[in-house]
Each structure stands twice: as structure tokens, then as C-alpha cells.
Amino acid sequence: MSTTSTPSKAGMMGTQDHTLSTVKPLLHEDLRTKYAHSIPVIDFVVSVWGIDRDLATNLLGRSWSLLEEPLQTYQSADHEKKLYAPFASIANALVKTAQDLARQILQPHASAEVADADCEENPIFFWNALGEKALTSAITSRKPDMLTVAKVHANITPRWPLVKHILEFKRRLRPKGKSRGSRRLPAHVTGESADGSSNRTMSSTGSRKRHKPAQNNDSDGSSKLPTHVTGVSADGSLYDSVPSTSGSQKRKRVQNDRATEAKRPRTTDPAVPTEMDRQHIQLGVYSLECLNASSRHYVSGLWIDQFNVSLWYYDRSCALRSKIFNFMESPAELALVLYALSACDDKHAGFDPHLSVCRSLSEPTNKKDPNWQEVVGSEFNFPASTDYPGRGNYLINETLFRYNGLIGRGTMVYAVTPQLDKPAEIEALKICWPHLTRSLEGDILQHLRDKLPAQWADHIPEVTFSATLSAEELQLPRIDLLNISRPLNFEDRQLHVLNMKLYRKLWEVGSVGEFMEIFVDCVECHYHAYSSGRVLHRDLSENNLMFKTAVNGTKQGILNDWDMASFVDENDGIQLSTATHRTGTVPFMAMDLLVDNFPPPHLYRHDLESFFYILVWSAVHHDFTNKTRLCTNPALEEWNAEKFLTAANHKNAVFTKVDNFNLVLANVLPDSMILVPWIDSLWTLFSDALQMTETVKKKKKSHPGIEFLDWDDATLGGQVTFFTFMKALGRTPRGDFSP
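Residues numbered from 1 in each chain as written. Predicted model: local features only at pLDDT ≥ 70, side-chain atom pairs only at ≥ 80, totals over all residues. Heavy atoms only, no water.

Quick notes on the packing of helix 16 (residues 604-621) against helix 19 (residues 676-702)
- Packing of helix 16 against helix 19 brings their axes to within 10 Å, and their N-to-C directions diverge by 145°. Relative to helix 19, helix 16 is oriented so that their crossing is left-handed. Contacts from Leu-608, Glu-609, Phe-612, Leu-615, Val-616 and Ala-619 of helix 16 reach helix 19 at Trp-678, Ile-679, Leu-682, Trp-683 and Phe-686.
- Tallied by class, the residues present in the contact of helix 16 with helix 19 amount to 10 nonpolar, no polar and one charged. (Axes fitted to C-alpha atoms, helices over the stretch in contact; angles between N-to-C directions. Helix = DSSP H or I, 4+ residues; strand = E, 2+ residues; numbered from the N terminus. Left-handed = near helix turned anticlockwise from the far one by under 90°. Contact = heavy atoms within 4.5 Å. Nonpolar A, V, L, I, M, F, W, Y, C, P; charged D, E, K, R; others polar.)

Set out below in C-alpha cells:
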């Protein structure tokens, strides 16, 4: 199995620059049509954090108080960083009170000892370092505002795999003319401690005088802000984004993006989506870090805009947001949310339930390791399969590849050791989230190994375990939430697990001569998969051509990573279920496919063009003697441009301008000069085909009524085929067939 995965398009997975200035626009582009909102708070906490609905309704129906001193500090804060500590104090007090109430509701007749045993002190810690301490990954360094982590990690800087929830703060500038502290605290604010009677034993008709918006009550019992309220000033007073119905307040100017959202037509239909505001992307950035740090299924968090709060959920298919509530106006909703954060278990925090601490047979233990979310050193335990008996349990030795995007396949690859009754070799475990419309890679590989002659089936990866779990089987929260609000461009995904032999990369082969044999193996295997197996790979790259060492010591090519492959019909066309999805890795994609919108159908000749780019790329970047891959050479840097058109133009220039082609040849590594005749011969093949294509286009334009019967786009008039490609390499195809 390949230890890397490749981007299928420009976007988060196509960038090498992970600075926030680059990441935020790309992430916004990936998320903007995968986003839905207006989910009632009670539905969110029940579906995402697993809180019992009756308990949630009970908590919402009670009166709540906010501690006066931290609230005043929070209200008067003149900088975002000064919000963290008072909010944590408010949160801890509310959590303690909510836990006491929950204990009484869930166990009304339990003894104090039993109740205390079943309801521990707040198990989470609201971590913050005033935005000064960075959490690092292999490629990024981020400074989140606040996180929740298990209390055992309270005195350390957390690592992304251990983060339970994310809290992102936003402090708006107060409107002109408003002075801090000019607004009196509402009556439901108390100065008593969290365990005082007035803070946890409230009357439903108590003295609090909170604003009750007319005709705006949730059926689930949670309160909502008036539709005209979009913000809270720094002093805590509400200000409008549209005129109020009473006309008593003047319209205040807010940030441009929020003002634009306010001007959009309001609708009572929660299924009507809008695009995600750019200001919310910061929470998505941290969610991306959590998802990509392990095999996590989803991430959730809070966006706290002074007093306005919204709840967020991210998985590999979508981003979902709750309705916004104001915790000064509705402290009950804040109490419910914070209690839910403390009460949700690991599964409802989004951690992978198939990942657990590795338990040695010689040292059995029932105590959960608090670091179990760390992947390396842990163990995957997947459901048993009749197709792969005795398989499914794997010790994780190393993370070989992690996905860089948020929405998408989410491919993660690990070096693992199967937990068998006998010693086993290290293998590769791949976890990804393919579209429901795509054929599963495990099924494609099994199909090819069944259909291809044994000579070529041996060049297809050998699968030792495969499993697929739907969103319903995983009980992902989005199953229920999507019934309330659905993104404009939602594409459902399922979890696919694939384990196979661990193969080696092209540059590790040891010699150029062995590379040449592996390259030809893969070209021929690709052809037989297409002609006999009726499968087109569609994602060829330097990472997908691999090798293994046979019993006799020879190196044998393996054509890997078939997760983007498609079956072809009797007319050599891609099946409709995947025809509209562009696939490929930008440096190796055919020029025809490098267009921003509506790419043409992916043809067999496009994959042949990819083989040419792989050959050139390897000659320039693969140091076979030292078994290393060199940094990208400036001569080919634009092949990997983030804009498709830029990459296409630079590839076109190589074929149409001799000087550009000679510049590429000048950068071939000394030990790889033996590859130049292959490169030159294939360059001639594609250059002639490209020139003939332009000639035909001109003739068609000048003679619109004439059909060119001897021309077909699939092979560019018969010029680009498997047989012409092999002839350019000076190789005779192996097997009992002729062109």
C-alpha cells in the first residue's frame, strides 16, 4: 500500500502552504456549500453529545444564575484574551450546578455515596493559555483560544489527539457612544457560589427579568433570540442588524459579512442553507487539526461571540451549526451546553470507538489509559468479517500518511502489526471516507485479482482485511441533524478500512535499471486492468507506482491506490456514478483534465499521459542510489501549481517549446540519464499527437459540416494507445495478444 495519498483537486489537499493566510480561504471554499445551520440547541446536544432528551428538557426548564463577579469581569473585558478566565469560572460553576441537578433527576432515590460514585466531579478542564501556547503537528503550529480536555491533562499543553472540544472566542468592538459597564446585570445574575442555594435551586417564576421575544419560542423548550438581534456590544447591550419591530432602536452597523447575512431573506424553513461566514473558519481550522491527528470521526465546538453562542459539528462530509443563543438572555442554554460538554463520553466527543489502548496478553488491565486517543502505540479493533477470519485487530506502529483537508476522503495510512496467534510482518492499514457513489477500493482490488490473468494479478495489491461501516452503523450525529438542516451540496460518505501488504516507494528501488522494469510492470498491469478487468485507475502518481521483492529477489512493480478508480462500460466510458468527479494528482494529471469547471471524461490516454509525467518527475527527483526523493525542482514546480490553468500551461509549454523541454532534460539527475531516450521518445509521441489535435481542431472550425472519420478523441486518431506507448519505450507487450 502507498504510504501517501494525493489531492484530487485544488483546495486544502492541494496546498503545500499551511499558514493561516493560505489555509483559511481554501478551507472556506471547501466548506461553503457543505454547511448547514439553524439546528435547535437541544437537538444538537442530544445528537452530538449524547445527552438524554428528557434530562436536557428538564435542565432548560429551570432557572439559572450566572456568577456576578466573573460575569462583570467578562462583560468589561477590553481584549479577547481577558474573556477566557472569567468564562472558565462561569462554566465551571454552571457545570457543577448542572451535575448536581442531573444527579437528582437521574437518581432521585440513590444514596449520596452511590450518586457521588456515579457522578464524578467535572471530568473536563477548560484549558487556555491566553492564546500564547501553540499546539503543534507535523506541519502546523496553532494557538487555540480554549479547549476542553480530560482533567488528567490539566497541567500540560494538550496535544491535538487529546482535545475533546474547541471553544473559539470573538470579542466585537462596542458601538460608538456605548461605554463599558453602562448596562446593569440582569436579575438572574447572582453573587453566590456554585453550591449556594440561590444558584441551583431556582423557582421557575423567580425574579429574573429576562427578555422574552414574542412569537419566537422553540417547541423543544429552548429559547431563541429575537430574529433582529445579531450581536452584543462590549458592554453587554444588544444591538440590531435589522430594524426592530418597535422602531425603538436604530440600526447599528456590524461587520460586513454579518450585515450581508442579515440582509438575506429570512425563512422559516431550516433546510434552506446559506454559505459559511468567513469569520467562522478559525473554528474549522482547529477542527481540521483534531480530525487529522488521529482516526477521529468528528469534532465539535463552540463559537462564542461575546455573549452570542453557536455550536458547531464537523465531520468528513459537512459542517453543521446550531441556532445562535445569547447566554445573558438565556443562561439555561449555556448551562445545558456546558453540562453536555462535561457529560459526553469519548464516542460522543467524536473519538474513534475502534481505537483503544493496546492490552498485552501478559499484562491484562481494565483501566483505560488517559492517552488512548494517541494513535501510535494503540490498537485498532474492527468488527470481525467472514471474508477475513481472524483479522481486524492491529497494533499501530507508525503514522505513514495523514490527510491535510477537512471535508473529503480523510485518508489515513498506518504501519501496523496484525494481532495474530503467530508472528506477523508489518502491513499497511488504510482508513478513508469515500463517497457512497464510489466503488469501494477493496471491492475493486478483489475484482481485479479475480479477473486478471495470474501474471498480472500479482501486480495488484494483496488485501488481507477489508471492512465498510455506514454513517448509520457508526451512529454519526449527522444522521439525525441532516433531517433538520441539510447543506446545499451534501455528499454522503462511509468509512472504508483496508489492510494489505506494505509495499515500497519507487525511489527506494536501488537502481535505475530496476526502476525501469517496475515502471513497465505498472504500465502493462494498468492496461490489463483496463482491458480485462474493465477498470480505469484515474489517479496515477509517483506514490502509486510501488514495488515488492519477489521470492527470487527480483523487484516487481505494484500498481497501488485504486480508491479513485472507476469501472468502464462496453463503450469504454466511465460509469455515470463517478463520471462527474475529477480525479488525479496535479503534477501528474493530463492537460485536458486541468480545467476549473466541467472537465471532460477521463480517458485511458489521460492515464498514459500521467505515466509520462511520472517518468519525467522520477528522472528529476528520485535519487535511486541513496533511495531518497529530492525536493521539488524549480523546473517542474509549476506542474504542481494550485491553479489548474497554470499547471496545464506549463505542461503544454514542455510539449510545444523545445527550449522548455530541454530545460527539463537539463535537470535529469546524472544517474538517471539512461531514462532520457524513453523521455525523448514519449515526448515525441505526445507532441505529435498534440500538434495533430490542433490541426484537426482548425479543420473542424473551418469545415463545420465535414466529419473526420479517421479521427477519434479517445486515442487522438490512434496516436496515443497502449501499443504506441510501449513501442516508444522500445518494449514488446508481454502476453498472447497483438494490437
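There's plenty left to go through after this.
A short note on the pattern of salt bridges
- As enumerated under the stated definition, the model contains 26 salt bridges in all.
- The salt bridge partner of Glu-508 is Arg-504, with a shortest N-O separation of 3.1 Å.
- Arg-504 sits in the partly exposed class, given a relative accessible area of 39%.
- A salt bridge links Arg-731 to Glu-517, with the shortest nitrogen-to-oxygen separation between them at 2.7 Å. Of this pair, Arg-731 sits in the segment after helix 20 (722-729) while Glu-517 sits in helix 14 (residues 512-531), placing them 214 residues apart in sequence.
- Residue class for Glu-517 comes out partly exposed when judged on its relative accessible area of 37%.
- One network of salt bridges, in which partners are shared, links Arg-409, Lys-430, Glu-441, Asp-561 and Asp-563. (Salt bridge = Lys/Arg side-chain N within 4 Å of Asp/Glu carboxyl O. Buried < 20%, exposed > 50% of the residue type's maximum accessible area, 1.4 Å probe, protein only.)

Some words on the pairing of strand 17 (residues 393-402)
- The sheet contact formed by strand 16 (residues 378-381) and strand 17 spans three bridges and is antiparallel. When the sheet's bridge partners are listed, Asn-381 is paired in strand 17 with Asn-393.
- Note: strand 17 against strand 18 (residues 412-418), seven bridges, orientation antiparallel. Bridge pairing links Phe-401 to Val-413 in strand 18. (Pairing = 2+ DSSP bridges.)

Some words on the packing of helix 17 (residues 644-656) against helix 19
- Between helix 17 and helix 19, the least distance of the axes is 9 Å, while the angle of their chain directions is 100°. In terms of their interaxial angle, helix 17 and helix 19 are classed as roughly perpendicular. Residues Asn-652, Val-654, Phe-655 and Thr-656 of helix 17 pack against Trp-683, Phe-686, Ser-687 and Leu-690 of helix 19.
- Its residues placed into classes, the contact of helix 17 with helix 19 shows five nonpolar, three polar and no charged. (Parallel < 35°, antiparallel > 145°, perpendicular 65-115°, else oblique.)

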